[in-house]
Amino acid sequence: MILRRWRGVIRTQERNAYRDYIAATGGTDYTSTPGNLGFQMLFRDLGDGTTEVTTLSWWHSLDDIRGFAGADISIARYYPDDDRYLLERPIHVEHHDIVAGGAQP
């Protein structure tokens, strides 16, 4: 199993709007891609009016991630209105092999 991790930063006041936006865009894309085992979105308020956003998605294989992200799976995937919300828009994501603990596929 592979974990894909992305992080960005938004304005804290836009937490709910961004959550709903991602549920309708990235969340739908994650869960409709064969080989996706689910996703979560995490918020961490930074205390300065901004909030760190992390998305975690679980996949059977790197090939399944290619079905979501394209040939270069290290590049983050963005959606048309992301610039409206994101104060930080990283180019890359991380991938981790899950080797112990948690749910199994």
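Before any of the text, the structure's been laid out above.
Everything quoted here is computed from the prediction, not taken from an experiment. (Residues numbered from 1 in each chain as written. Predicted model: local features only at pLDDT ≥ 70, side-chain atom pairs only at ≥ 80, totals over all residues. Heavy atoms only, no water.)

## Structural notes on the overall build of the protein chain
Turning to step 1, where the next piece is worked out: Broken down by element type, the protein chain carries four helices and four strands.
Turning to step 2, where the next piece is worked out: Helices and strands appear in the protein chain in the N-to-C order β-α-α-β-β-α-α-β.
Turning to step 3, where the next piece is worked out: For the protein chain, whose C-alpha radius of gyration is 14 Å, the value lies close to the compact-globule estimate of 13 Å for 105 residues.
Turning to step 4, where the next piece is worked out: Oriented by its inertia axes, the alpha-carbon framework of the protein chain measures out at about 35 × 30 × 20 Å.
Turning to step 5, where the next piece is worked out: By the burial criterion, 37% of the 105 residues in the protein chain qualify as buried.
Turning to step 6, where the next piece is worked out: Across the protein chain, contacts joining residues at least 24 apart in sequence account for 66% of those joining residues at least 6 apart.
Turning to step 7, where the next piece is worked out: For the protein chain, the accessible area works out to roughly 6,000 Å², and carbon and sulfur atoms hold 50% of it.
Turning to step 8, where the next piece is worked out: Looking at charge distribution, the protein chain has the averaged site of its 11 positive side-chain charges lying 2 Å from that of its 15 negative ones. (Helix = DSSP H or I, 4+ residues; strand = E, 2+ residues; numbered from the N terminus. Rg over C-alpha atoms; globule rule 2.2 N^0.38 Å. Buried < 20%, exposed > 50% of the residue type's maximum accessible area, 1.4 Å probe, protein only. Contact = heavy atoms within 4.5 Å. Areas by Shrake-Rupley, 256 points an atom, 1.4 Å probe, with all protein chains shown as cover. Lys, Arg positive; Asp, Glu negative; His and termini not counted. Charge placed at Lys NZ, Arg CZ, Asp CG, Glu CD.)

## Points about helix H1 (residues 15–24)
Turning to step 1, where the next piece is worked out: Of the residues making up H1, those classed as buried are Tyr18, Tyr21 and Ile22. Seen from one end, H1 has its buried residues packed into an arc of 95°, which puts them on one side.
Turning to step 2, where the next piece is worked out: Turning to H1, the residues buried within the fold contact strand S1 (2–11), helix H2 (26–32), strand S2 (36–45), strand S3 (50–59) and helix H4 (82–85). (Arc of directions from axis to C-beta.)

## Here's the deal with the pattern of salt bridges
Pairing is possible between side chains of opposite charge, provided their charged atoms come close.
Turning to step 1, where the next piece is worked out: Taken as a whole and judged by the stated rule, the model has 10 salt bridges.
Turning to step 2, where the next piece is worked out: As a salt-bridge pair, Glu52 and Arg7 come within 2.9 Å of each other at their nearest N and O atoms. Here the residue Glu52 occupies a position in strand S3, and Arg7 occupies one in strand S1, the gap between them amounting to 45 residues.
Turning to step 3, where the next piece is worked out: Glu52 gets classed as buried once you look at its relative accessible area, which sits at 13%.
Turning to step 4, where the next piece is worked out: Between Arg44 and Glu52 there is a salt bridge whose closest N-O contact spans 3.0 Å.
Turning to step 5, where the next piece is worked out: Among the residues examined, Arg44 registers a relative accessible area of 48% and is labelled partly exposed.
Turning to step 6, where the next piece is worked out: Beyond isolated ion pairs, a larger network of salt bridges with shared partners links Arg7, Arg44, Glu52 and Glu88. (Salt bridge = Lys/Arg side-chain N within 4 Å of Asp/Glu carboxyl O.)

## Brief notes about the side chain of Ser57
Turning to step 1, where the next piece is worked out: Following the sequence through the fold, Ser57 ends up in strand S3.
Turning to step 2, where the next piece is worked out: Overall, Ser57 belongs to the buried group, its relative accessible area being 0%.
Turning to step 3, where the next piece is worked out: For Ser57, the side chain forms a polar contact with the side chain of Trp59, separated by 2.7 Å.
Turning to step 4, where the next piece is worked out: Once you skip the residues sitting within four places of it in the chain, Ser57 turns out to touch Ile2, Leu3, Arg4, Tyr30, Asn36, Gly38 and Phe39. (Polar contact = N/O pair within 3.5 Å; in protein donor to acceptor, adjacent residues only side chain to side chain.)

## Remarks on the nonpolar core
Taken as a class, soluble globular proteins show a tendency for nonpolar side chains to be buried jointly.
Turning to step 1, where the next piece is worked out: Core analysis: the biggest nonpolar cluster contains 18 residues, and Trp6, Ile10, Tyr18, Tyr21, Trp59 and Leu86 have the highest contact counts within it.
Turning to step 2, where the next piece is worked out: Elements with a contribution of two residues or more to this core: S1, H1, S3 and helix H3 (62–69).
Turning to step 3, where the next piece is worked out: In this view, Trp59 contacts Met1, Ile2, Arg4, Tyr30, Thr33, Pro34, Gly35, Asn36, Leu37, Asp64, Ile65 and Phe68; residues no more than four positions away in its chain are not counted. (Core = buried A, V, L, I, M, F, W, Y, C linked by side-chain atoms within 4.5 Å.)

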